[in-house]
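Descriptive structure summary
One-letter residues, chain by chain:
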Amino acid sequence: MRSKVILAVLVGLSLLVGGYEALLYHLRKEVGLLFATIWVIVFYALVALWVDADSRERKHIYRPFEYDYLVFVFAPLYVPYYLVRTRGVAGILWLLALLALFYVGYLLQWLLYVAS
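This report concerns the structure included in the present document.

Cut-offs and rules
- Residues numbered from 1 in each chain as written.
- Predicted model: local features only at pLDDT ≥ 70, side-chain atom pairs only at ≥ 80, totals over all residues.
- Heavy atoms only, no water.
- 1 Å grid on protein atoms, 1.4 Å probe; cavity = no way out; pocket = protein on both sides within 12 Å on 5 of 7 lines; lining within 4 Å.
- Points joined across faces, edges and corners; volume = space filled by probe spheres on them.
- Helix = DSSP H or I, 4+ residues; strand = E, 2+ residues; numbered from the N terminus.
- Nonpolar A, V, L, I, M, F, W, Y, C, P; charged D, E, K, R; others polar.
- Phe/Tyr/Trp six-rings, centres within 6.5 Å; stacked < 30°, edge-to-face > 60°.
- Buried < 20%, exposed > 50% of the residue type's maximum accessible area, 1.4 Å probe, protein only.
- Lys NZ or Arg CZ within 6 Å of the ring centre and 35° of its normal.
- Core = buried A, V, L, I, M, F, W, Y, C linked by side-chain atoms within 4.5 Å.
- Contact = heavy atoms within 4.5 Å.
- Expected span 1.5 Å × (residues − 1).
- Axes fitted to C-alpha atoms, helices over the stretch in contact; angles between N-to-C directions.
- Parallel < 35°, antiparallel > 145°, perpendicular 65-115°, else oblique.

This brings us to the layout of surface pockets. Of the volumes computed, that of the largest pocket is approximately 290 Å³. Taken together, the elements giving at least two residues each to the lining of the largest pocket come down to α2 (33-57), α3 (67-87) and α4 (90-102). Looking at the lining of the largest pocket residue by residue, the class counts come to 13 nonpolar, no polar and no charged. What lines the second largest pocket is a set of 13 residues, and nearest its centre among them are Glu-21, Val-31, Ala-36, Tyr-106 and Gln-109. At the level of elements, α1 (2-26), α2 and α5 (104-115) are the ones that each hand at least two residues to the lining of the second largest pocket.

Okay, here's the thing in structure tokens:
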């Protein structure tokens with residue numbers, strides 16, 4: 001249940017930030033470096049929190065004492081492994097969906113560019 005809430009927050013914030021980036025692109029402005037940096041950190045933390053919460057809901061996942069810390073430190077390497085290990089081939093689609101969420105602002109900007 002907790003993992004679904006974190007995932008919903010991740011999707012909502014991704015769409016919100018992506019819309020903000022697309023709006024700024026439409027107004028011929030750029031996203032500030034501080035905002036972009038904070039968004040990367042927040043996205044990274046939400047993905048790590050989601051993996052941690054999702055693994056708590058799966059009983060077959062071995063969780064050592066320092067699992068939470070290891071997920072945060074090694075998330076770029078562990079998330080693809082975790083998704084494929086827990087979801088099989090569908091894990092690749094989950095990984096592509098996470099990448100699409102991270103780059104939704106660029107995708108919307110590209111759509112605006114193509115439409116104009």
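Before going further, it helps to examine the packing of aromatic side chains. According to the stated counting rule, one finds 9 aromatic pairs in the structure shown. Relative to Tyr-103, the ring of Phe-102 has its centre 4.8 Å away and its plane inclined at 85°; by these criteria the two rings are edge-to-face. By relative accessible area, Phe-102 is classed as partly exposed at 23%. Here a set of aromatic residues connected by ring pairs shows up, and it is made of Trp-39, Phe-43, Phe-102, Tyr-103 and Tyr-106. Arg-87 extends its terminal NZ or CZ atom over the ring of Trp-94, reaching a point 4.6 Å from the ring centre.

Leu-10, Val-51, Tyr-67, Val-79, Tyr-82 and Leu-98 are the most contacted members of the largest nonpolar core, which has 21 residues in total. At the level of secondary structure, the elements contributing two or more residues to this core comprise α1, α2, α3 and α4. The biggest single contributor to this core is α2, with 8 residues. When near neighbours in sequence (up to four residues on either side) are disregarded, Leu-98 contacts Leu-10, Phe-43, Val-47, Val-79 and Leu-83.

Here we take up α2. Helix length check: α2 (25 residues) gives 36 Å between terminal C-alpha atoms against 36 Å at 1.5 Å per residue, within 8%. Taken together, the buried positions of α2 are Trp-39, Phe-43, Leu-46, Val-47, Ala-48, Trp-50, Val-51, Asp-52, Ala-53, Asp-54 and Ser-55. Looking at the packing, one finds that the buried side of α2 touches α1, α3 and α4.

Let us look at the packing of α1 against α4. Running from amino to carboxyl end, α1 crosses α4 at an angle of 40°, the nearest separation of the two axes being 9 Å. Classified by the angle their axes make, α1 and α4 are oblique. Note on element contacts: α4 touches α1 through Trp-94, Leu-98 and Leu-101, opposite Leu-7, Leu-10, Val-11 and Ser-14. Split by residue class, the contact of α1 with α4 holds 6 nonpolar, 1 polar and no charged.

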